[in-house]
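Here is what each chain is made of, one letter per residue.
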Amino acid sequence: QEVCQLRWDWEFDLPELQTSVFVLPGDITKNAKQRIVVLNSVARAVINRQRGKHPERVFTYRGRPTNSIKNTAWKRARKAVGLEAARLHDLRHTTGRRLRAAGVSLETRKDILGHEGGHITSHYSMPEVQELIDAVEKIAFEPKNGTPSLRIIRLESGSRKTPARENGGDPLRSVSD
């Protein structure tokens, strides 16, 4: 819902930081609470490519707002990048795991992931928002060490394990043969 229903009027400009965040209303979040979404440079580039395509919604397909990503387009996109077994929710696990591996504090990870235990007051201060932006920027590019990496998942045929379990919570990390 958060991806499909993302609206331009939820974008909140932060000129002091030369960026913006999205403030999601509680009626579309899993825990029914308002949530702030910060973007690293990779995600920001994706969002910026959507500008001007639709007056209200960020993500569209053939000029119409998307209502679901559990469709043939989603399946085709996963197949094109070799991630047929990956589920959308696996990407949240990947984000959490990579943030932790990058040394991001538990409190900041909770805020980024929108978990119940983490919270941001309604009165933001630049250092709080900047900390979140700095945190997601740490995972914008593939690390030099190779862990975690953006390698294609190779699941053994017949395996019933999900990509998240198979790869220690990171569906984008390759599985050893």
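Not measured: the values here are computed from a predicted model.

Although it is not a glycine, Ala32 adopts a positive phi angle of roughly 60 degrees. Mapped onto the elements, Ala32 comes out in the loop between β2 (19-24) and β3 (35-37). With a relative accessible area of 57%, Ala32 lands in the exposed category. Located in the positive-phi region is Arg62, a residue other than glycine, with phi close to 55 degrees. Residue Arg62 is classed as exposed on the basis of its relative accessible area, which comes to 70%.

Our next topic: the side chain of Thr108. Secondary-structure assignment places Thr108 in helix α4 (residues 106-113). At 3.0 Å, the side chain of Thr108 and the side chain of Ser105 are in polar contact. If sequence neighbours within four positions are ignored, Thr108 has contacts with Glu131, Leu132 and Ala135.

So, about the confidence of the model for the protein. Residues of the protein with pLDDT of at least 70 account for 73%, and the chain-wide mean is 75. Per-element mean pLDDT across the protein ranges from 49 in helix α6 (residues 163-166) up to 95 in helix α1 (residues 41-50). Overall, residues 118-127 carries pLDDT values under 50, and its contacts beyond four positions in sequence, including any with other chains, amount to 14 contacts. Within the model, pLDDT remains below 50 along residues 147-160, and this stretch shows 33 contacts once partners closer than five positions in the same chain are excluded.

With respect to the element layout, His54 can be found in the loop between α1 and β4 (60-61). A distance of 3.1 Å separates a polar side-chain atom of His54 from the backbone nitrogen of Glu56. With sequence-adjacent residues up to four places away left out, His54 is seen in contact with Trp8, Thr60, Gly63 and Pro65.

Summarising the sheet, strand β1 (residues 11-14) and β2 pair through four bridges and their orientation is antiparallel. Paired with Glu11 across the strands is Phe22, a residue of β2.

Attention shifts here to the packing of aromatic side chains. Using the criterion set out here, one finds one aromatic pair in the structure. A ring pair is formed by Trp8 and Phe22, whose centres lie 6.5 Å apart and whose planes are at 45 degrees; its orientation type is tilted. A residue pair is termed long-range when its members are at least 10 positions apart, and Trp8 in the segment before β1 and Phe22 in strand β2 qualify at 14 residues. No difference in accessibility class separates Trp8 from Phe22, as the two residues are buried.

With that out of the way, let us pick up the pattern of salt bridges. As enumerated under the stated definition, the model contains four salt bridges in all. For Asp9, the salt bridge identified is with Arg7, shortest N-O distance 3.1 Å. Across the pair Glu11 and Arg51 runs a salt bridge whose closest N-O atoms are separated by 2.6 Å. Of this pair, Glu11 sits in strand β1 while Arg51 sits in the loop between α1 and β4, placing them 40 residues apart in sequence. Assessed through its relative accessible area of 24%, Glu11 is described here as partly exposed.

Criteria and thresholds
- Residues numbered from 1 in each chain as written.
- Predicted model: local features only at pLDDT ≥ 70, side-chain atom pairs only at ≥ 80, totals over all residues.
- Heavy atoms only, no water.
- Helix = DSSP H or I, 4+ residues; strand = E, 2+ residues; numbered from the N terminus.
- Buried < 20%, exposed > 50% of the residue type's maximum accessible area, 1.4 Å probe, protein only.
- Polar contact = N/O pair within 3.5 Å; in protein donor to acceptor, adjacent residues only side chain to side chain.
- Contact = heavy atoms within 4.5 Å.
- pLDDT = per-residue confidence, 0-100.
- Pairing = 2+ DSSP bridges.
- Phe/Tyr/Trp six-rings, centres within 6.5 Å; stacked < 30°, edge-to-face > 60°.
- Salt bridge = Lys/Arg side-chain N within 4 Å of Asp/Glu carboxyl O.

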